[in-house]
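# Coordinate inspection notes
Spelled out from the first residue to the last, the chains are:
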Amino acid sequence: MAAAGKHETEVTEKELKKLSGEFDLECIDFVDLSDRGLTSLGAIPLCSSLRVLHLSCNSLTSAAALGQLAQLEELDLSANHITGVDGFETLEALRRLDLPGNEIAQLEALLPLAGLLHLQRLTLQLPGTPLTNPVCSDPAYPTFTRETFPTLVWLDGEKISGPGSEFYIQCRGIDEQLERAADRHKNRPGDENGEPERRGIESLEAPLAHLTLSDERAAEAVSQLLEECGETSHRLQEHITALRKELAVDTLAPPRS
């Protein structure tokens, strides 16, 4: 699909038909309008056959009208100004929802997603990047999301259920122990035999000892993880490229009088 002109506030029916090459909005099943400066959804909700919709790096404050898209399976709203997901309760086919870099502040604002039985991948933050939501800093966030959305396989780039999730759990446990060990020994010099450092290493043996996957299951899990990590890396690179473009445009733009 061709790109729309930059910094339009909304997209019209005519533009969607031209960009997709379709004569009827109902025939369009894929739309990528990332980094277009959109402040309104325009005619997008009229594309009733949409399955994949990319709207990252825009200026949208609400996407409730997308609830009309009953066949939508993948929705990317990263880096907008979304404060909630009202209207999304009707997106019964939705499997993937990307929302990092928005303004969702309350756990209750996520409740419209609770009845989506096919939702497997939900992203509200990308660790190591500025793309997050205020709600992610709520101490109850990890437990709330896992309990409220039991069909999730991936949460914020971490596999929380299914084959391979054991590896993520182990890695998270190791990371937490390393952080605690670093805090304990930050200002404590090691003795001549390096005992504090050695005790820190030995403390990692416990979580590793519980990893009892068979060779066949482990190989299958690793293969699946590599494939899914490659996809995540590609999507993240797209976000970073779009953000860099936006920053470059803002830098070059003349100052407002």
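See the structure printed just above.
Quantities reported herein were computed from a predicted structural model and do not represent experimental measurements.

Scoring rules and cut-offs
Residues numbered from 1 in each chain as written. Predicted model: local features only at pLDDT ≥ 70, side-chain atom pairs only at ≥ 80, totals over all residues. Heavy atoms only, no water. Helix = DSSP H or I, 4+ residues; strand = E, 2+ residues; numbered from the N terminus. Buried < 20%, exposed > 50% of the residue type's maximum accessible area, 1.4 Å probe, protein only. Areas by Shrake-Rupley, 256 points an atom, 1.4 Å probe, with all protein chains shown as cover. Polar contact = N/O pair within 3.5 Å; in protein donor to acceptor, adjacent residues only side chain to side chain. Contact = heavy atoms within 4.5 Å. Patch = residues over 30% accessible without salt bridge, like charges linked within 9 Å, V, L, I, M, F, W, Y side chains within 5 Å. Salt bridge = Lys/Arg side-chain N within 4 Å of Asp/Glu carboxyl O. Lys, Arg positive; Asp, Glu negative; His and termini not counted. Charge placed at Lys NZ, Arg CZ, Asp CG, Glu CD. Pairing = 2+ DSSP bridges. Phe/Tyr/Trp six-rings, centres within 6.5 Å; stacked < 30°, edge-to-face > 60°.

With that settled, the discussion passes to the overall build of the protein chain. Of the regular secondary structure elements, the protein chain holds 6 helices and 7 strands. Secondary structure elements of the protein chain occur, N-terminal to C-terminal, as α-β-β-β-β-β-α-β-β-α-α-α-α. By residue count, 40% of the 257 residues in the protein chain fall in the buried class. Carbon and sulfur atoms provide 54% of the accessible area of the protein chain, an area that totals close to 14,400 Å².

Positionally, Thr123 belongs in strand β5 (residues 121–123). The buried category is assigned to Thr123, whose relative accessible area is 7%. A distance of 3.3 Å separates the side chain of Thr123 from the side chain of Asp98, its partner in a polar contact. With residues up to four places along the chain from it excluded, the contact list for Thr123 reads Leu97, Asp98, Leu99, Pro100, Asp156 and Gly157.

On the surface, Glu22, Asp24, Glu26 and Asp29 cluster together into a negatively charged patch. Residue placement: Asp24 occurs in the loop between α1 (13–20) and β1 (30–32). Judged by relative accessible area, which is 35%, Asp24 ranks as partly exposed.

Moving on: unusual backbone geometry. Residue Cys57 is not a glycine yet carries a positive backbone phi of 60°. With respect to the helices, strands and loops of the structure, Cys57 is situated in the loop between β2 (52–54) and β3 (74–76). Looking at Cys57, the relative accessible area reads 2%, which means it is buried. The phi dihedral of Ala79 falls on the positive side, at around 55°, and the residue is not glycine. For Ala79, the location among the structural elements is in the loop between β3 and β4 (96–98). Note on Ala79: relative accessible area 15%, which makes it buried.

What follows deals with the sheet that holds β1. The mixed open sheet is built from 7 strands, whose spatial order is β1-β2-β3-β4-β5-β6-β7. Sheet topology places β1 and β7 (158–159) at the edges, where each strand pairs with a single neighbour. Inspection of the sheet shows β1 paired to β2 by 3 bridges, in the parallel sense. Residue pairing in the sheet places Val31 in a bridge with Leu53 of β2.

As a further point, take the packing of aromatic side chains. In total, this model carries 1 aromatic pair according to the counting rule given. Seen from their ring centres, Phe144 and Phe149 are 6.4 Å apart, and the 90° between their planes marks the pair as edge-to-face. Of the two residues, Phe144 and Phe149, neither departs from the other in class, the shared state being buried.

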